[in-house]
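# Secondary and tertiary structure notes
Spelled out, the chains give:
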Amino acid sequence: EEQQELPLIFGGDRDAGAISATIANAKRAGVDKFIEVGNFALRSNPWMDPDSQQNNQQTDITCIPKEILIATNPPFGIRISSSKKGKASEDNQSGIRNDHHLLNLYQTFGMMVQKLKGSEDDNLAVNKHEFQRDVHVGLVAHDVSLARRTGISMKCMFGTKLGGASISVLKSESAGEK
């Protein structure tokens, strides 16, 4: 029996326009055969849940590698502007930054990463495979304290500006780095 070969990169977004742009960019770069993208919200992402019904029907989940890198730039809670001033604008009209609506998204991401890692000791875990996965996370964040609410131990690698917004790039820490 021939084993199914998985793409090297999986991606997803709930914005269909972002998916179309990703596919077009990958085709232009000649790497489209190495990626697979889907249009779905985080909670519906079949690649983040190796035991999902959708995954079991489409992919032999034993092919999912033991070591995974998740690179993500979740919403910042601000709009990146290409205006003359090049400033980031707030989502709300009052100009007061309001990240509490993103807290659930960041916490859900953290829980899904933990589930993807698997747990030998947790009988309640959905991921009941014979091994644990080594899952590394790279995350672009506008608010480091919000990113830390994922529950993933992360180290800030560097900060920069993106469209007028200050951002930080964080990476998950391994047990030896803590």
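These numbers were taken from a predicted model, which means no experiment stands behind them. Chains are numbered independently. Their residues run from 1 in the order of the written sequence. With the structure being a predicted model, the display of local features is reserved for residues of pLDDT at least 70 and the display and counting of side-chain atom pairs for 80 or more, all residues being used for whole-chain, interface and lining totals. The basis for every side-chain value is the complete set of heavy atoms in the structure, and neither hydrogens nor water enter the calculation.

## Thoughts on the overall build of the chain
Along the backbone of the chain there are four helices and eight strands. For helices the rule is a DSSP run of H or I covering at least 4 residues; for strands it is a run of E covering at least 2, with both sets numbered from the N terminus onward. Ordered by position from N to C terminus, the α and β elements of the chain give β-α-β-α-β-β-β-α-β-α-β-β. Under the scheme applied here, a residue whose accessible area is under 20% of the maximum for its type counts as buried, over 50% as exposed, and between as partly exposed, the area being computed with a 1.4 Å probe on protein chains only. Per-residue burial over the chain gives 33% buried out of 178 residues. The contact definition used throughout considers only heavy atoms, calling two residues in contact when any of these lie within 4.5 Å. Taking contacts inside the chain between residues at least 6 apart in sequence as the whole, the part at least 24 apart equals 62%. Working definition of accessibility: Shrake-Rupley area with a 1.4 Å probe, residue cover restricted to the visible protein chains. Accessible surface for the chain amounts to roughly 11,600 Å². Of this, 49% is attributable to carbon and sulfur atoms.

## Here's the deal with the nonpolar core
Residues Met48, Ile70, Phe109, Val113, Leu139 and Ala147 are the most contacted members of the largest nonpolar core, which totals 18 residues. Per element, the largest residue contribution to this core is six residues, and it comes from helix α3 (residues 100-117). Excluding anything up to four places from it in sequence, phenylalanine 109 contacts Leu42, Met48, Ile70, Thr72, Val137, Leu139, Thr150 and Ile152. In plain words, nonpolar cores are sets of buried Ala, Val, Leu, Ile, Met, Phe, Trp, Tyr and Cys residues tied together by side-chain atoms within 4.5 Å.

## Here's the deal with the confidence of the model for the chain
On a scale of 0 to 100, pLDDT captures the predictor's confidence in every residue. Mean pLDDT for the chain: 75, with 65% of residues reaching 70 or above. Contacts for the low-pLDDT stretch residues 81-97, under 50 throughout, to residues beyond four places or in other chains number 24 contacts.

## Comments concerning the sheet that holds strand β3 (residues 67-72)
Think of it this way: DSSP has to see at least two bridges between two strands before they count as a pair. Across the sheet, which stays open at both edges, the four strands sit in the order β3-β6-β8-β7 with mixed pairing between neighbours. Because the sheet does not close on itself, it has two edges, and the strands there are β3 and β7 (154-162). Recorded for the sheet is a direction-independent mean angle of 15 degrees between the axes of neighbouring strands. Note that strand β6 (residues 134-141) and strand β8 (residues 165-172) share four bridges and pair antiparallel. Looking across to β8, one finds that valine 140 is bridged to valine 169. Angular values range over 0 to 180 degrees, each being the angle between N-to-C directions of two axes fitted as lines to C-alpha atoms, with helices fitted over their stretch in contact.

## Here's the deal with the pairing of β6
Where β3 lies against β6, six bridges are found, and the strand directions are parallel. Its bridge partner lying in β6, glutamate 67 is registered against aspartate 134.

## Thoughts on helix α1 (residues 16-29)
Any helix carries an expected span of 1.5 Å times its number of residues minus one. Given a rise of 1.5 Å per residue, 14 residues ought to cover 20 Å, and the 20 Å separating the end C-alpha atoms of α1 matches this to within 8%. Two N or O atoms count as a polar contact when they lie within 3.5 Å, although within protein this holds only if one can serve as hydrogen donor and the other as acceptor, and sequence-adjacent residues are included solely when both atoms are side-chain atoms. The N-cap residue of α1 is aspartate 15: its side-chain oxygen and the backbone nitrogen of glycine 17 are 2.9 Å apart. Once α1 finishes, glycine 30 follows within two positions and takes phi at roughly 75 degrees, a positive value.

## Observations regarding a nonpolar patch on the surface
Residues enter patches when their relative accessible area tops 30% and they take part in no salt bridge; the joining distance is 9 Å for like charges and 5 Å for the nonpolar side chains Val, Leu, Ile, Met, Phe, Trp and Tyr. By definition, a salt bridge exists where a carboxyl oxygen of Asp or Glu is found within 4 Å of a side-chain nitrogen of Lys or Arg. Together, Leu8, Ile9, Val31 and Phe34 line one region of the surface with nonpolar side chains, adding up to about 380 Å² of accessible area. Relative to the helices and strands, isoleucine 9 resides in strand β1 (residues 9-13).

## Notes on the side chain of serine 168
Tracing the chain through its elements places serine 168 in strand β8. Classification of serine 168 by relative accessible area gives buried; the value is 14%.

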